[in-house]
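Structural characterization, general
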Amino acid sequence: MSAMHAPADGDDRPALLGGPHLQVLLVEDDDGDAFLFEDLLQDSDLEVTVVRRRNVADAVQALSAEISCVVLDLGLPDADGLTALHRLRAAGPGVPMLVLTGLSDAARGLEAVAAGAQDYLLKGRVDGELLARSIRYAVERQRAELVHDELRAAQRDAEESARLERGLLPRPIVSDPRLQVATGSRPGRARTLLGGDFFDVVQCGDGTLHAVIGDVCGHDPDAAALGVCLRIAWRTLVLGDRPAAEVLPTLEQVLVHERLGDDAFATACMVSVAPDRRSAEVRVAGHPAPVLVDDGGARELPAPPARPMLGIGSGPGSWPAAAIALPACWDLLLYTDGLIEGRVGRGAERLGAERLVQLVGGRTPCRAARPATRSSTGWSARRWSSTAATWPTTSRSWCCRWTPMAEPAAAPVIAPSRLTRRTSGQWLGLGAGALVLAALAGLLITLLALHRLAGARTQVVDRVDPARIAAQRYLIGMVDQETAVRGYVLSGQASFLRPYRTGAADAGRARAAIAAVAATGSVDRLGADLAVVRARERVWVDGYARPVIAAVRDRGPDPASAPSVADGKARFDALRTAFGRLDADLAVLRARERARLRHAATAATVAVLIAGLLLLAAALAASATLRRVVTTPLARLAADARRVARGAFDAPVRVQGPRDIAGLSTDVDSMRRRILAELEEVQAARRRLEAQALDLQRSNAELEQFAYVASHDLQEPLRKVASFCGMLQHRYHGQLDERADQYIDFAVDGAKRMQGLINDLLAFSRVGRMAGEMRPVDMGDVAAEALSNLETAIAEAGATVVVAGDLERVPGDRSLLVALLQNLVANAVKFAGDEPPQVRISASGGEGDGVRTFAVDDNGIGIEPRYADRIFVIFQRLHPKEEYEGTGIGLAMCRKIVEFHGGRIWLEPVGALGGASFRFTLPLVQEDDA
């Protein structure tokens, strides 16, 4: 027997079925159902070996390559809902699954099929033929699904390849109607492998036409993806007006950073045609040169000297351009090397570039009789394929035709219609724009006034006043020199010459300061007056002062031998006169400039006031406008919205104002109408819900009555079935064959279990229906009665039950509360571990909220927290009935009793004694109840 089919070449995935014999894994905890399953398979013609496991954990370990199918019972004790199916599918994703469910759980079977099972079977409605056919169907369906998945994977690969091809074959961006662009692509090899060939054509804004064609090494999706990346990068660079000389170096940088391995490279050819279409530049990076076709035939364009391919580290500037002249009418063909590597006929001879040029040369681009259409490869693909029979690699071609024609007329420009009403945003923009314009105007006026003020101040403070002060210092220096000369002439002492030298230095510095101001040209007549003063200074110094000092130094103070004092005085008076003219001119200029300064200051003050008034006026105008067109409509809209929010849903919301506020008003009114409609629907739904609640309450009462009646009325026929089955077992046991004895044993066991289920269901249906009067009950007495009822079971198990402290009194039905504690203590005794059972009943709380919390702790096997909710569902079991007897109703009845008394019950994660710990709450007896 084999559970694997032979995989395809290169496919190491496991198969499902290799022969007629199958091995089925049955996951079933019920011995009777397992026996019936095996018996049904024996009656069929299916060759099968059944491997049985009782729980999911053992089934997961039993999954192996030999298992052909899994038959899973959804009612296992260690699984809830579809968790068993999910766990088995995770452990054996390639194994088909069949699920078994009861007649009342057909919906769960459908859920299992939706979750991944191949089919579901209803217990009690399965025969041998149906079971065998379902197993075969599940196995074959799983195999078909695997084949379908493989096909989908192949389709996805093909779709991905098509998307990559779409990225490699873009739409040219050409707006010149005189240009005709034709492209073509032919996959190579028998399996049409995806290649890295790419091309693109872009016409820039200045009319320049750029075209590129390239080939990335390799024939796989990685090469195609790299080709798409290079093409998009090229288009981005061209549309971004990057110089043509920088495009290929930048493409190489992109290739180096995007390629998966260092050995990846690409070839490329780029052509840039001038806007007048009479010249072009060709750049080649290890790629075949383009072919030019005109009236004279076809020829391969002269390419630049051999240059390296992209991706080998050639660096910038490695691909210079070759300039070519174009005729008035031309065709230009760019192609990849796969086109010329096609073999001619059935031999090994390649087509080659020369034969390609010969083939293309027979077609004249500008001839009137030339066909107007092109084949998918740009030039006649039929003619080429008749010569080149096989194409070893993917080939692409691009062809561009230039035909001179009249310039198209310019389309009329349609001016957009002016909006009759603006939005609030536009009004805000207008207000802000008015404020900005007012601020700019005021700022400009202020800056001009301040500039004038600064110029006048500079003229007075930095030029006129310093020049006048320097003139006074100049005069003082000359007076000091004259006084020193007279004293030296009278006394002959050299100490009198010290003031002469000091005065000469001061005069020189003052003269230099005046000259600096005069050099700016901003002080009228200052240069001329300074020249006069300087000339007369030389007359006095050279004609009188220096000769007198020399004479006294040589011959002593001899008035007779010294130059005439009157002559020196006349010379110095002339100098004083020049200084007086200089000072008078500076005084006049200073008075004029001060008047100009005062005028500029006044103008600046006025400008600031005007700017402030202008800004204030603009702000007031903008505020008034915005208040009228924005604030007031918004206030009205808010008032209407608040009125609606207070409950006046019938009041319409209509506000006149800017377009967007009016639109918002319409939207709010639409929302009001929608809320009004939904409110009416909610009210109608509430009325329907109240009616449904009444119907549900009546239906629940009827269902409880039905459960009670059904449980009660089933007792009589079931007692007959159980009695006669017992008689058959007693009288005929050992007289029939072994299989007949097994049938009788299963029938007796089923009848007894049915009796137990009916009795428990009857007790469950009586909770809340046949309860006694609610009166104060001492929970200590309740616990004592429950332990008295369990005295025999406690003694047989050797259990110890302790009631800790005072349990207080609660209002309730004594019989139901006794059943509650009796069920909890019985479970604690039944689900004991290796040690003798220990049970502790305690109570706590109740001082503040009036609710008493009771606890029943044990040292048994415990319950996993994930089953904390499942254990309170009716007929739910966590263990096979062979290990622990019971019907799965006990805890469901406990919850119903607690909820009937207004409390709640739950399972604590960790118990006080190490096992399970149940908590439930009951209200305490109030004073008025007592």
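Note that the structure is predicted; figures quoted are calculated from it, not measured.

Parameters at a glance
Residues numbered from 1 in each chain as written. Predicted model: local features only at pLDDT ≥ 70, side-chain atom pairs only at ≥ 80, totals over all residues. Heavy atoms only, no water. Helix = DSSP H or I, 4+ residues; strand = E, 2+ residues; numbered from the N terminus. Buried < 20%, exposed > 50% of the residue type's maximum accessible area, 1.4 Å probe, protein only. Contact = heavy atoms within 4.5 Å. UniProt positions renumbered as here; feature names shortened; annotations may be inferred. Axes fitted to C-alpha atoms, helices over the stretch in contact; angles between N-to-C directions. Left-handed = near helix turned anticlockwise from the far one by under 90°. Nonpolar A, V, L, I, M, F, W, Y, C, P; charged D, E, K, R; others polar. Pairing = 2+ DSSP bridges. Phe/Tyr/Trp six-rings, centres within 6.5 Å; stacked < 30°, edge-to-face > 60°. Lys NZ or Arg CZ within 6 Å of the ring centre and 35° of its normal. Expected span 1.5 Å × (residues − 1). Patch = residues over 30% accessible without salt bridge, like charges linked within 9 Å, V, L, I, M, F, W, Y side chains within 5 Å. Areas by Shrake-Rupley, 256 points an atom, 1.4 Å probe, with all protein chains shown as cover. Salt bridge = Lys/Arg side-chain N within 4 Å of Asp/Glu carboxyl O. Polar contact = N/O pair within 3.5 Å; in protein donor to acceptor, adjacent residues only side chain to side chain. Parallel < 35°, antiparallel > 145°, perpendicular 65-115°, else oblique. Core = buried A, V, L, I, M, F, W, Y, C linked by side-chain atoms within 4.5 Å. Lys, Arg positive; Asp, Glu negative; His and termini not counted. Charge placed at Lys NZ, Arg CZ, Asp CG, Glu CD.

What the chain contains, in helices and strands, is 21 helices and 24 strands. Burial analysis of the chain (930 residues in total) assigns 39% to the buried set. Across the chain, contacts joining residues at least 24 apart in sequence account for 71% of those joining residues at least 6 apart.

So, on to unusual backbone geometry. Residue Asp241 is not a glycine yet carries a positive backbone phi of 60°. Take Asp241: it is sitting in the loop between α6 (221-239) and α7 (244-258). Although it is not a glycine, Arg277 sits at a positive phi angle of roughly 60°. Note that Arg277 resides in the loop between β9 (266-273) and β10 (279-285).

Further remarks concern the UniProt feature "transmembrane region" (unreviewed entry) in the chain. UniProt feature "transmembrane region" (unreviewed entry): in the numbering of this structure it lies at residues 427-450 and 600-622. Overall, residues 600-622 shows 100% helix and 0% strand. The separation of its end C-alpha atoms is 32 Å.

A few words on the packing of helix α20 (residues 814-830) against helix α21 (residues 890-900). When two helices pack together, their arrangement is given by the angle between the helix axes and the distance between those axes. Running from amino to carboxyl end, α20 crosses α21 at an angle of 145°, the nearest separation of the two axes being 9 Å. Seen along the crossing, α20 lies across α21 with a hand that is left-handed. Taken together, the residues of α21 that come into contact with α20 (itself represented by Leu816, Ala819, Leu820, Asn823, Leu824 and Asn827) are Gly890, Leu891, Met893, Cys894, Ile897, Val898 and Phe900. Residues of the contact of α20 with α21, tallied by class, amount to 10 nonpolar, three polar and no charged.

What follows is about the sheet that holds strand β3 (residues 69-73). Sheet strands pair via backbone hydrogen bonds, and the direction of the pair is either parallel or antiparallel. An order of β2-β1-β3-β4-β5 is seen for the five strands of this open sheet, with the pairing classed as parallel. On the outer flanks of this sheet lie β2 (48-53) and β5 (119-122), each paired with one strand and no other. Neighbour-to-neighbour, the strand axes of this sheet turn through a mean angle of 20°, independent of strand direction. Across the sheet, helix α1 (residues 31-43) touches β1 (22-27), β2 and β3, and the angle it forms with β2 is around 175°.

The subject of this paragraph is the sheet that holds β10. Taken in spatial order, the five strands make up an open sheet running β7-β8-β9-β10-β13, and their pairing is antiparallel. Two strands in the sheet have a free side with no partner beyond their single neighbour: β7 (196-203) and β13 (322-325). Ignoring strand direction, the axes of neighbouring strands in this sheet form an average angle of 15°. With four bridges connecting them, β10 and β13 associate as antiparallel partners. Bridging from a neighbouring strand, Val282 pairs with Ala322 of β13. On top of the sheet, α6 reaches β7, β8 (209-216) and β9; it is set at about 15° to β7, its chief contact. On the sheet, α7 packs against β8, β9 and β10 and is oriented at approximately 155° with respect to β9.

This part takes up the packing of aromatic side chains. Counted according to the given criterion, the structure contains three aromatic pairs. Between Phe854 and Phe920, the aromatic rings sit 5.2 Å apart at their centres with planes inclined by 15°, giving stacked as the arrangement. Of this pair, Phe854 sits in strand β22 (residues 851-858) while Phe920 sits in strand β24 (residues 917-923), and the two are 66 residues apart along the sequence. Phe920 gets classed as buried once you look at its relative accessible area, which sits at 0%. Aromatic ring contacts, followed pair by pair, group Trp540, Tyr544 and Phe572 into a single cluster. Positioned above the aromatic ring of Trp906 is the side chain of Arg904, whose terminal nitrogen or guanidinium carbon lies 4.0 Å from the ring centre.

A few words on α6. Between its terminal C-alpha atoms α6 stretches 27 Å, which fits the 27 Å expected from 19 residues at 1.5 Å a residue. Those residues of α6 that fall on the buried side of the exposure criterion are Ala223, Ala224, Leu226, Gly227, Val228, Leu230, Arg231, Ala233, Trp234, Arg235, Leu237 and Val238. The first or second residue beyond α6 is Asp241, which carries a positive phi of 60°.

Bringing a nonpolar patch on the surface into the picture now. A contiguous nonpolar patch, built from Val436, Leu437, Leu440, Leu443, Leu447 and Leu450 and spanning about 560 Å² of accessible area, is present on the exposed surface. In this fold, Leu443 is placed in helix α11 (residues 424-491).

Okay, the pairing of strand β20 (residues 809-812) next. Of the two faces of β20, the one lined by Val810 and Gly812 is fully buried and the one lined by Arg809 and Pro811 carries no buried residue. Bridge count for strand β18 (residues 775-778) against β20 is four bridges, and the pairing is antiparallel. Opposite Val777, over in β20, you have Val810 as the bridge partner.

In this section: the side chain of His287. Within the secondary structure layout, His287 lies in the loop between β10 and β11 (291-294). Residue classification places His287 among the buried positions, given a relative accessible area of 7%. Of note is the side chain of His287, whose polar atom sits 2.9 Å from the side chain of Thr267.

Running from N to C, helix α13 (residues 526-555) and helix α14 (residues 565-645) point in directions that differ by 165°, and their axes come no closer than 9 Å. In terms of orientation, α13 lies roughly antiparallel with respect to α14. You can see that α13 and α14 cross each other, and the crossing is left-handed. Residues of the contact of α13 with α14, tallied by class, amount to 14 nonpolar, three polar and six charged.

With that settled, the discussion passes to α20. In this model, α20 (17 residues) spans 24 Å end to end at C-alpha, consistent with the 24 Å of a helix rising 1.5 Å per residue. Every buried residue belonging to α20 is among Leu816, Leu817, Val818, Leu820, Leu821, Leu824, Val825, Asn827, Ala828 and Val829, and all of these are buried.

Let us now look at the pattern of salt bridges. All told, the structure shown has 17 salt bridges when counted by the stated rule. For Glu246, the salt bridge is made with Arg242, and the minimal N-O distance between the two is 2.6 Å. Several salt bridges converge on common partners, so that one network encompasses Asp176, Arg178 and Arg277.

As a further point, take the nonpolar core. Within the largest apolar cluster, 43 residues are counted, with the highest numbers of intra-cluster contacts made by Met779 and Phe920. Among the elements of the structure, α18 (779-789), α20, β21 (838-844), β22, α21, β23 (905-907) and β24 are those that each provide at least two residues to this core. Broken down by element, this core gets its largest block of residues, nine residues, from α20. When neighbours within four sequence positions are excluded, Phe920 is seen to be in contact with Leu820, Leu821, Leu824, Arg852, Thr853, Phe854, Val856, Val898, Arg904, Ile905 and Trp906.

Turning next to a negative patch on the surface. A cluster of acidic side chains, namely Asp650, Glu678, Glu680 and Glu681, defines a negative patch on the protein surface. Note on Glu678: relative accessible area 41%, which makes it partly exposed.

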